[in-house]
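Topology and contacts: notes
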Amino acid sequence: MFEVDTQLSKEQLKTIQIIPEISKGNLLSESFLNLLPADTILGYKDFSWIQGRLNFIYNDLPILENSEYEKDVQSKLLPENVFTEQSRNFKHLQFGNKAYDTPEAVLQFETSLQPVFHKNFDLVSKSLHEFLEQNYRIYILSDSVKQTDRLKTIFEDRGDDISFTPINKTLHEGFIEHTLKICCFTDHQIFDRFHKFNLKSENARSGKIALSIKELKQLQIGDYIVHNDHGVGKFGGLVRLNQNGKIQENIKLIYLNGDALFVPIHSLYKISKYRGKEGEPPRVNKLGSGAWQKMKDSTKKRLKDIARDLILLYSKRRDEKGFNLSPDSFLQTELEASFIYEDTPDQITSTTDVKKDMESERPMDRLICGDVGFGKTEVAIRSAFKAVADNKQVAVLVPTTVLAAQHFRTFSERLKDFPAKIDYISRARKPSDIKRILSELHEGKIDIIIGTHRLVNKDVQFNDLGLLIIDEEQKFGVSVKEKLKQMRSNVDTLTMSATPIPRTLQFSLMGARDLSTINTPPPNRYPTHTEVHTFNTEIIREAINFEMSRNGQVFFINNRINNLPEIESIVRREVPDARVAVGHGQMDPQKLEQVITDFIDYEYDVLIATSIIESGIDIPNANTIIVNNAQQFGLSDLHQLRGRVGRSNRKAFCYLLAPPLDTLTPEAKRRLQAIENFSDLGSGIHIAMQDLDIRGAGNLLGAEQSGFIADLGFEAYQKILTEARNELKNEEFAELYHTSEQGEKTKGDNFVEDVVIETDMELLFPPTYIPNDSERVSIYGELNRLEKEEDVDKFVRMLEDRFGKIPKEGQELIGIIRLRRIAKQLSIEKVLLRNGQMMLYLVSNPQSLYYQSQAFDKLLTYIQKHPRECQLRDNNGKRSIVIKNVENVDKAYYILNEINQD
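Residues numbered from 1 in each chain as written. Predicted model: local features only at pLDDT ≥ 70, side-chain atom pairs only at ≥ 80, totals over all residues. Heavy atoms only, no water.

Let's shift gears to the overall build of the protein chain. Broken down by element type, the protein chain carries 32 helices and 30 strands. Across the 902 residues of the protein chain, 52% fall into the buried class. Taking as baseline every contact in the protein chain between residues at least 6 positions apart, the subset at least 24 positions apart corresponds to 74%. Accessible surface computed for the protein chain: about 42,500 Å², of which carbon and sulfur atoms make up 48%. (Helix = DSSP H or I, 4+ residues; strand = E, 2+ residues; numbered from the N terminus. Buried < 20%, exposed > 50% of the residue type's maximum accessible area, 1.4 Å probe, protein only. Contact = heavy atoms within 4.5 Å. Areas by Shrake-Rupley, 256 points an atom, 1.4 Å probe, with all protein chains shown as cover.)

Ranked by internal contacts, the top residues of the largest apolar core, which has 60 residues, are F765, V831, M838 and L896. Broken down by element, the residue count for this core peaks at 7 residues, all from helix 30 (residues 808-825). Non-local contacts of V831, meaning those with residues more than four positions away in its chain, are made with V755, V756, I757, E758, L819, A823, M838, M839 and L840. Of all hydrophobic cores here, the second largest spans 34 residues; its members include M364, I368, F374 and I422. (Core = buried A, V, L, I, M, F, W, Y, C linked by side-chain atoms within 4.5 Å.)

In this section: the sheet that holds strand 26 (residues 756-759). Strand order across the open sheet formed by 5 strands is 26-27-28-30-29, with mixed pairing between neighbours. Two strands in the sheet have a free side with no partner beyond their single neighbour: strand 26 and strand 29 (870-875). When the angles between neighbouring strand axes are averaged without regard to direction, this sheet yields 15 degrees. One ladder, built from 4 bridges, connects strand 26 with strand 27 (residues 830-834); its direction is parallel. Counterpart to T759 in the pairing with strand 27 is L833. (Pairing = 2+ DSSP bridges. Axes fitted to C-alpha atoms, helices over the stretch in contact; angles between N-to-C directions.)

What follows covers the packing of aromatic side chains. Taken as a whole and assessed by the stated rule, the structure comprises 16 aromatic pairs. The ring of F339 has R382 lying over it, and the distance from NZ or CZ to the ring centre is 5.3 Å. Lying across the ring of Y851, R879 places its NZ or CZ 4.5 Å from the centre. (Phe/Tyr/Trp six-rings, centres within 6.5 Å; stacked < 30°, edge-to-face > 60°. Lys NZ or Arg CZ within 6 Å of the ring centre and 35° of its normal.)

Quick look at unusual backbone geometry now. Notably, N391 is not glycine yet its phi reads approximately 65 degrees, a positive angle. When you line up the elements, N391 lands in the loop between helix 13 (376-389) and strand 14 (393-397). N391 sits in the exposed class, given a relative accessible area of 68%. Here the phi dihedral of N629 falls at roughly 50 degrees; this positive angle occurs in a residue that is not glycine.

Our focus in this paragraph is helix 5 (residues 121-133). Since the α-helix advances by 3.6 residues per turn, residues separated by three or four positions end up pointing in the same direction. An ideal rise of 1.5 Å per residue puts 18 Å on 13 residues; helix 5 measures up with 18 Å between its terminal C-alpha atoms. For helix 5, the set of buried residues is F121, V124, S125, S127, L128 and F131. Those residues of helix 5 that are buried are in contact with strand 4 (137-141), helix 6 (145-158), strand 6 (175-177), strand 7 (182-186), helix 7 (187-190) and helix 11 (330-337). You can read the cap of helix 5 off the contacts: a side-chain oxygen lies 3.0 Å from the backbone nitrogen of D122, and it is on N120. (Expected span 1.5 Å × (residues − 1). Polar contact = N/O pair within 3.5 Å; in protein donor to acceptor, adjacent residues only side chain to side chain.)

The buried count for strand 18 (residues 492-497) comes to 6 of 6 residues, which makes it a mostly enclosed element. Neither face of strand 18 is open: one carries D492, L494 and M496, the other T493, T495 and S497, and all of them are buried. Of the strand pairs in this sheet, strand 13 (residues 365-370) and strand 18 are connected by 5 bridges, and their pairing is parallel. Each bridged residue has a counterpart across the sheet, and for R366 the counterpart in strand 18 is L494. The pairing of strand 17 (residues 465-471) with strand 18 spans 5 bridges and is classified as parallel. Note on strand 18: the bridge partner recorded for L468 is T493.

Here the focus is the sheet that holds strand 3 (residues 111-113). An order of 3-6-7-4-5 is seen for the 5 strands of this open sheet, with the pairing classed as mixed. In this open sheet, the two strands that pair with only one neighbour each are strand 3 and strand 5 (165-167). Going from strand to strand, the sheet's axes swing by 20 degrees on average, the running direction of each strand aside.

It is worth spelling out the confidence of the model for the protein chain at this point. Here the protein chain averages 76 in pLDDT, and 75% of its residues register 70 or above. Here helix 8 (residues 202-206) stands out as the least confident element of the protein chain, with mean pLDDT 34; strand 16 (residues 448-451) is the most confident, with 94. (pLDDT = per-residue confidence, 0-100.)

A word on the side chain of Q332. Structurally, the position occupied by Q332 is in helix 11. Side-chain polar atoms of Q332 contact the backbone nitrogen of K386, separated by 3.4 Å. Those residues within four positions of Q332 in sequence are excluded, and the remaining contacts are K355, R382, F385 and K386.

Where helix 14 (residues 401-414) contacts helix 20 (residues 589-600), the axes come no closer than 10 Å and their chain directions differ by 45 degrees. As far as their axial angle goes, helix 20 and helix 14 are oblique. When the axes of helix 14 and helix 20 are compared, the crossing they make is right-handed. Across the interface between the two elements, V402, A405, Q406 and R409 from helix 14 touch L592, E593, I596, T597 and I600 from helix 20. For the contact of helix 14 with helix 20, a count of residues per class yields 5 nonpolar, 2 polar and 2 charged. (Parallel < 35°, antiparallel > 145°, perpendicular 65-115°, else oblique. Left-handed = near helix turned anticlockwise from the far one by under 90°. Nonpolar A, V, L, I, M, F, W, Y, C, P; charged D, E, K, R; others polar.)

If you want it as structure tokens, here you go:
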């Protein structure tokens, strides 16, 4: 790799051309490229990828047709011979071993590569000690501060006196510079981890807000929209209104009889696109009739009844005594540091949540909801080893024999250097093996046992079970779940799912189970390109040939066993050189397991199978999947199947073969359209919700609730569910959720779900600043979803970078977002900014614990300090505070921030 950096000024750079010979994967530093003047021409020989200023693919793939930027850059690129000739008039800096011309001077670097350690810390320690004795300075380079901290901890636990300087940036490969006597070692080479370049922004990696912004861009006049306070209406576009001489932008919603509602752009979080049951359109509500509020109230009452029972179960489980595990050991730290990929932020959070649960006396009951390939298994491995380190046994329950074998390989590979004995049972194992395994399990000789529902049989006896991990719980039947309840009475339980069944998801949302979500895709992970086609041998041939041309593998899914031979003959005829294997659930289990193993070992190019491969099979080299008769699969099944590909840094493809769409039932048609549209990374949770919409919610809370969702739309239903849960937590179950020590008052961060802000100030991004209407709507949507101060700061920098200095009315709008956030922290229901005054409306329920909270105390303290500016009012039990001399949003934010600091 050539990592280029310089202290040269832009003026000096105008006289310099750079002609590096770059091979695939090498990287010019962005800091260097950004120094180059805009008219600088860079010449590259034989390159197919570069990250930096010229961030596009040339030679190997065509320029994107619709990108004017790429066309412009292409027009400036010269053929190699012309470039070489014309560049002779410039000074040259050449990097590499080959020179184009005889150089006037050659700089030799006395460097060598970082030694190979293979995670052997005896070798690491010996090597670093030798360098320190020779007065070399040691730098450890890592993208993650956590990794360098882990390394320090490992050295301390080993008793190694090794001092190094951590650098919070990394290279692809470490090196030793013998002239300067410095060692720059990378953490990923020390731990044998892959090094992957990060995507440019956290938003791009996390997929956060992408779905909502996409929906906002796709809104059409007449689309059904749900307003949280007023019900279902139709989208009427973006309009500008004059409010007391001030211009404000609003979203127009049209209700029954043509009545219009104008939603301020700082309140876009209150509206969502209607998603309900397939079929007839929803009923449009009448403004001011009260029918919407009655419907919400009746839904909330029903939900409270169900949530009450669930929370009682949850509280009973909280009162049970389990066992608290010890804090992380040296081995635990080393295991986590040796993960070959970079931890995503959500993985770190989920791991921390699980460990905290395991170290408490209360039995853990946590659901980890993360999309396919987002790293749930790694969290499971870490939690399993934590239990093993405290001499507890772990049971991992999986739905299929294939997945049992897959998990056995994954767990064994990750824990091969650690003291943990792992085995698995399924119908694929020989009776003699099962007998031996059950005996060793009862004697405590096996630490981690992986298995199908065979694990819940009466003859399976544990010596000291400490953790139960359930993968894809929705795949198990009622009888298995009943047996699980007996197993998990006081045992830590971790459930994992990519598309949780609605009931599982709702239990977590209602507070009957702790929930962790992994929404962040791993670095360099791409969405799977999804297409719907009719059955076409040309598509099949081209898809398989393309995948084989890049040494990849293909899944071909056909759920009817009797015509698998027919599919096999088609594939062999169309692609004669393909190595084809067939697998299905009626085969001998051992033979099926062997087929899967051979496919993993690249003995075959194409695996023709039923959906038995749906759950959890992890083959990074397989990046094309073809699903025949896709209309016969459920939505979450299709999502799981698609999740078998795209598990590496290669672009993956999913081809859904089905009859023409106009011949399908409305439900089947909508399923295929949904799976094609929801191809973004992290869309599993949305798939689960769409699946609920299409099938109706009868299986969740009965037919009555199915009707509620049809009337309310799913997002409004979810909001009501959250309100019901929080009202129960803050009122009926306050003692359970707001435990106070020594009379300390509860903090009460959740006394209000939402803060309404009304103002006569001018709040918008004017058309002179952002001319395009749809882009303004998109940016308003993004602004409304910012939750942290650092996110707001990033947003401001992005706006200034794209559109220039933010006008005053735009700054006021951004200030409203900050104001709403701090008002929510103080549990203020409504903020009114008018005529130079600010009115704060407090929690409506006079019996609420809010009036015993720290937040209310802070408000009272501020009123006592500023009696002339503040007035506390009580109008028929509705309490509010009036604060004078508040001329703008900044002043309002300053006052609330001062109150919050007390």
